[in-house]
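Structural description and commentary
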Amino acid sequence: MGTASSLVSPAGGAGEVIEDTYGGGGGEACEIPVEVKPKARLLRSSLRRVGASRPGGLIGASFKSMASVQELECAAEYERLKKEYEIFRVSKSNEVASMVKKEAKLDRENKRLRAELQALQKTYQKILREKESALEAKYQAMERAATFEHDRDKVKRQFKIFRETKENEIQDLLRAKRELEAKLQRLQAQGIQVFDPEESDSDDNCTEITDDWDAAVASLLQVTPLFSHSLWSNTVRCYIISTDETQPEVDIFIRNYSPKLQRICETKGYFFQVVHFPSENQSQFKDVRKWEIEKSFLVILLMKSTLSSCLLDDCEEAFLKNPEGKPRLIYRRIEEGTVGSDSVQQLIEQVCYVNKAKIIDHMGEVDEGAYEIANCVEKIIKQDILGYENTELEGKDLGNKEESTASEEDDFGDVLWDAHDEQEQMEAFQQASSSTCELGFEKYYERLNDLVAAPAPIPPLLVSGGPGSGKSLLLSKWIQLQQKHSPNTLILYHFVGRPMSTSSESALIIKRLTLKLMQHSWLVSPLTLDPSKLLEEFPRWLEKLSARHQGSIIIIIDSVDQIQQAEKHMKWLIDPLPVNVRVIVSVNVETCPQAWRLWPTLHLDPLNSKDVKSLINAECSSANIKLTKEQEKKLERHCRSATTCNALYVTLLGKMIACAGSEGNIDETLQQCFQCQDTVSLYRLVLRSVQESLPNDMDKDLMREVLCLITVSHNGVSELEVMELYPELSSALLASLVHSLHKMCLLTYGCGLLKFRHLQAWEMVRLEYMEEGQNISSYRQKLIDYFAMQLSQDRVTWRSADELPWLFQLQGDKQKLHKCLLNLFVSQNLYKRGHFAELLSYWQLVGKDKSSMAAEYFNSLKEYEKSCEGEKSMLCLADLYETLGRFLKDLGLLSQAVAPLQRSLEIRETALDPDHPRVAQSLHQLAGVYMQWKKFGNAEPLYKQALEISENAYGAEHPRVARELDALATLYQKQNKYEQAEQLRKKSFKIRQKAARRKGSSCGFALLRQRALQLEELTLGKDTPDNARTLNELGVLYYLQNNLETAELFLKRSLEMRERVLGPDHPDCAQSLNNLAALYNEKKHYDKAEELYERALDIRRRALAPDHPSLAYTVKHLAVLYKKMGKLDKAVPLYELTVEIRQKSFGPKHPSVATALVNLAVLYCQMKKRTEALPLYERALKIYEDSFGRMHPRVGETLKNLAVLSYEGGDFEKAAELYKRAMEIKEAETSLIGGKTPSRHSSSGDAFSLKSALSPNVFLEHGQR
């Protein structure tokens, strides 16, 4: 029959469906099976009663009674559950009501707190504004106070002079009155003020200054001007000009010798690029060829007997217009019976006269000619780029990795400096400041200057603006102004490139700024490379090094918001800065971190209509294009929004118009440009216009490939890499493409690499060509394959070390990244260039900690050691062991760093010699580990041994010796041996100062070597007129600094060089003689000065016109010297000649003539020749009255002199009358005591203002430009 539970199941058969009110299922219906177990006794009695009363219906009765019992039970259970549910519902309702009340209360509390917060923010903003207003008022008050102080001192001085003068004049007048009343019977000579020549209007002691201090400094800076791209670039660009006759030599040179030259340059971090336009393209690409010649470091001309007209133009540009003196090479194939054309002979003669070009005359086979060219090019590269001396060229194995890194260590020691990063920053600064348009920056300059002058402490200044608004241009222009006007201010700048590039890595930025500070502070100290410690210690370094610097320090970071995790890694900006440190950062408005928005902000507004017009007109005028009035009105209507008044947008617009103007379709181009409402869309139009200018689809595809490769790369790609990736791309086509993209502000060069000039150009190419992720992966893979192939060929360059691990990281291929990092030369390259943080981040991505990383490197080295044979490979192994030891030391794994450093020392002692400088390097590094480990007893003998080896190898005054002295001093300081440490530091400091004077700076790349060579040329050789002029200006500069001994050396050297180069009778020699004479006059060596002045006068009399200013200059100062020496008879003809020269130059009635007449009259008075002096005074008085009026101070001075002369002649009445007139003019002058007394029309009025301000009484002449 079954159980009771089966009999009472509801119709559904599965249980009751009850709504779940407990909130667990969110209102779902669930089935609850009901099981009822009635008591057995009740069931049996029910069955008996039903059976007894109804014998026939037992079964039916029992089921009915059972069902009723079941219903009763269910009803009871239901009531119970209902009550429980009701109780639960009520309790939950109470809880909900309580929660609602709490929520309402919290809401009210929240509103109250929000209101308080808003009130506090308003109060804070108000206080901040009041603070800024107070600061501004303070600065204004300080400025007013300074002005008042200056004016007060000026008035006090003037009043003192006025009072003394008046007292003397009153005494003189009273005395004259008494004597006149007594009919002049008892008149005494001392009763009237005696004329003093030093107080007259003579200009003998005044100066004709041709240049002021800033001009002298500017002239000096021309010794090291902004170099062209060929000297900055990391590419050794070789431009070949050839004829059809010499094409075989070109083909052989490119095919057989160019790869070798490329490997030579690779070892020093340079690219070697050959650019050659075939003969069929010589008539095309005129602008491109000119641009390539300007960029090229070396130009080679290969010819036989004739040159076409276009080749002659190229030769003139390359060989005759070569102001920087870049290397030039001419190869002539000579055959018997052939004579060169007249144009070729004339070119050779001009080149030999103007430029020191190397000329190769070859009469042999074509192969031999190509070999001679290659040898000469290799020698030029090694001497002028790699810096080897002639004695070093033979037998130098440039493929040796150990040698390739030695020079860097020789320059820097323990400091890991990336020359490419530094060069990239210098190039970024030069490119940013290359624009000639100021865009109305004057108002922004004032705000930046106020920041520098403001009292500390002051937060960083935020220069904000939209992308392309001109922030980089503003900062670079202001840096140039500060460097010119504030030479004592140390300016450290960093220009951040696009995101994820090397320039945006925070650890590298902080390390670079710290090293620059150390370099300028002459401080040599170990620097941690751990990124976290570096960021933590930078504020302390800044505080320490700023205290050592005498002037202000300005740190400028452009596009700081592009730095990876800027708020985290640049948190030192929030801390209070040292007193003499100012920080300026630029950000985009959209991406500026919220915490920085409270800083003082300088916002760059969009260009106004005037600036827009001037910028577009400047671009058009460069292309000789004139816009119509209608076109200008259209442009004015278009450029009204913030995006269309953006500086970069307007620049692109101007370039598009200039490009369209040469093709005659300006209106059509304008309509297309007007549809572009932002910079990215306008860049897209620029890209399409360049693409349409290409002749075929193949060239368009190649352009797309090049741009996509640059987009996916880490820091850009080189032209050499592009040509190796695409062999079908010729150098002529690539040069044309790059020229077009560079001209339209799409691409630029950075450290020899092609990069996007602006972030918007990079975004545009990404949107235009690389919307699909598959495209990005394919281009990355192309670069990966290229650099991986280089590794397989054992070509580990800084490029493969930079790009390959970064590309693996982006691809997410940890296995290949791990394998790449275990390539010892890749890791060595990254570490030695200071990319410690980058290397560490790669290992962290692979999932290795420091200990496991060290173990894997050590195991890899052990495996590599098994394959090493021969001295060179062992030395390379020693270098790898040393790098590993230094890396582990920087990681803090000191115990593990000792073993590789000891192994490196053992290998070098065995392979080289125990006294070799490389052994000293190993000893130094091992001692550094012991010192950091606080094992001073182990470190000291190693440092001393390294010092002894360095002194024996380099001499006692070499920078390497200074490094060992510094290390020993640091060791003694840690041992509290301060006296010994101080002695060593002083000795080291003197060595470094001498080395710095010899070498200039120690950055170690081509630009600074070029600068050093230029400065050496001034004193050691290469006698040229330009070098002589520069030496003269250096002498002037030192004279102005009152450094007379140094000035004498430079002026003597300038004179000697000019006499050798120009001849002893050249006018420039007279200039040097005059300057030397002025210097001896200042030193009171009057006899020497007299001889030199006389020689200068003799030369100028013969070489110059009688009224030439330089002749008058020498005449005047020689006359002053004669008068000072008491040789008045010799001075008279010179003063008379001065009058004559001035009459010829200015006319007989010019005030300058009157001044010369007064000077001559004063001389006659000193010689007691009053009759000769009187007409001169009277004539001068007439000129002054006619020129300035009867009440001018010059008239008063002349009247006073005439009164003295009349008195001495016995004409007392006339003397009194003249003196009275002089006093009336003097009294009228006192009303102008706060103004400038000399008239603006006076040619010598400035003489009085300069007389007391300038201590030297004779100044020097600057060279004529």
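The preceding data block contains the structure.
These lines cover the structure that appears in this document, whether it is placed above or below. (Residues numbered from 1 in each chain as written. Predicted model: local features only at pLDDT ≥ 70, side-chain atom pairs only at ≥ 80, totals over all residues. Heavy atoms only, no water.)

1. Concerning the overall build of the chain
Which entries qualify depends on this criterion: Working definition: helices are DSSP H or I runs of at least four residues, strands are E runs of at least two. Numbering for both runs from the N terminus. Think of it in three bands: residues with accessible area under 20% of the maximum for their type are buried, residues over 50% are exposed, and the middle band is partly exposed, with areas taken using a 1.4 Å probe on protein chains only. Any two residues whose heavy atoms approach within 4.5 Å at even a single point are treated as in contact. Residue burial considers only the protein chains on display, and all accessible areas are found by Shrake-Rupley using a 1.4 Å probe.
A tally of regular secondary structure across the chain gives 51 helices and 14 strands. Considering the chain as a whole, with its 1265 residues, one finds that 48% of them fall into the buried category. In the chain, the share of contacts with a sequence separation of at least 24, taken over all contacts with a separation of at least 6, comes to 73%. Put simply, the chain shows about 62,600 Å² of open surface, and 52% of that area lies on carbon and sulfur atoms.

2. Focus on the packing of helix 21 (residues 647-663) against helix 22 (residues 666-674)
What counts here: A fitted line through C-alpha atoms represents every axis, and for helices the fit uses only the stretch in contact; the resulting angles, taken between N-to-C directions, go from 0 to 180 degrees. Note that the term roughly parallel is reserved for angles under 35 degrees, roughly antiparallel for angles over 145, roughly perpendicular for angles of 65 to 115, and oblique for everything else. For a crossing to be left-handed, the near helix must be turned anticlockwise from the far one by less than a right angle; the clockwise case is right-handed. Amino acids are sorted into nonpolar (Ala, Val, Leu, Ile, Met, Phe, Trp, Tyr, Cys and Pro), charged (Asp, Glu, Lys and Arg) and polar (every other residue, Gly among them).
Where helix 21 meets helix 22, the axes come as close as 8 Å, and the angle between the chain directions of the two elements is 155°. Of the possible angle classes, the one that applies to helix 21 and helix 22 is roughly antiparallel. Of the two possible hands of crossing, helix 21 and helix 22 adopt the one that is right-handed. Touching Tyr649, Leu653, Met656, Ile657, Ala660 and Gly661 of helix 21 are Ile666, Thr669, Leu670 and Cys673, all from helix 22. Of the residues in the contact of helix 21 with helix 22, the class split is eight nonpolar, two polar and no charged.

3. Description of the sheet that holds strand 3 (residues 235-242)
Which entries qualify depends on this criterion: Two strands form a pair only when DSSP identifies at least two bridges running between them.
Pairing is parallel in the open sheet, where five strands are placed in the order 4-3-5-6-7. Strands with a single pairing partner mark the edges of an open sheet, and in this sheet they are strand 4 (271-276) and strand 7 (358-362). Taking each pair of neighbouring strands and ignoring which way they run, the sheet shows an average axis angle of 15°. Two elements, strand 3 and strand 5 (residues 298-303), share five bridges in a ladder whose sense is parallel. Of the residues in strand 5, the one forming a bridge with Ile241 is Leu301.

4. A closer look at a negative patch on the surface
The condition that has to hold: A patch consists of residues exposed above 30% relative accessible area that lack any salt bridge, with like charges linked at up to 9 Å and nonpolar side chains (Val, Leu, Ile, Met, Phe, Trp, Tyr) linked at up to 5 Å. Every case where a carboxyl oxygen of Asp or Glu lies within 4 Å of a side-chain nitrogen of Lys or Arg is listed as a salt bridge. This count recognises Lys and Arg as positive and Asp and Glu as negative, with His and chain-terminal groups excluded. We put the charge of a Lys on NZ, of an Arg on CZ, of an Asp on CG and of a Glu on CD.
Taken together, Glu132, Glu136, Glu143, Glu442, Glu446 and Asp450 make up a surface patch of like negative charges. Looking at the negative patch, the elements that each hand over two or more residues are helix 3 (58-181) and helix 14 (442-453). By the element assignment, Glu446 lies in helix 14.

5. Brief notes about the nonpolar core
Going by this rule: The definition of a nonpolar core used throughout is a set of buried Ala, Val, Leu, Ile, Met, Phe, Trp, Tyr and Cys residues joined through side-chain atoms within 4.5 Å.
Core analysis: the biggest nonpolar cluster contains 136 residues, and Ile616, Leu653, Ile657, Met703 and Leu707 have the highest contact counts within it. Broken down by element, this core gets its largest block of residues, nine residues, from helix 34 (residues 871-891). Residues Leu1044, Leu1137, Leu1205 and Ile1225 belong to the second largest nonpolar core, which totals 64 residues.

6. Notes on the sheet that holds strand 12 (residues 601-603)
The strand order 9-10-11-8-12 describes an open sheet built from five strands, whose pairing is parallel. The open sheet has two edge strands with one neighbour each: strand 9 (490-495) and strand 12. Across this sheet, the average inter-strand angle for adjacent strands is 15°, counted without regard to direction. Relative to strand 10 (residues 553-558), helix 15 (residues 471-485) is tilted by about 160°, and along the sheet it contacts strand 8 (461-465), strand 9, strand 10, strand 11 (581-588) and strand 12.

7. Let's talk about the pairing of strand 10
When you tally the buried positions in strand 10, you get six out of six residues, the bulk of the element. Of the two faces of strand 10, the one carrying Ile553, Ile555 and Ile557 and the one carrying Ile554, Ile556 and Asp558 are both buried. Relative to strand 10, strand 9 runs parallel, the two sharing six bridges. Bridge pairing in strand 10 places Phe495 opposite Asp558. As paired elements, strand 10 and strand 11 share five bridges and run parallel to each other. Directly across from Ile554, in strand 11, lies its bridge partner Arg582.

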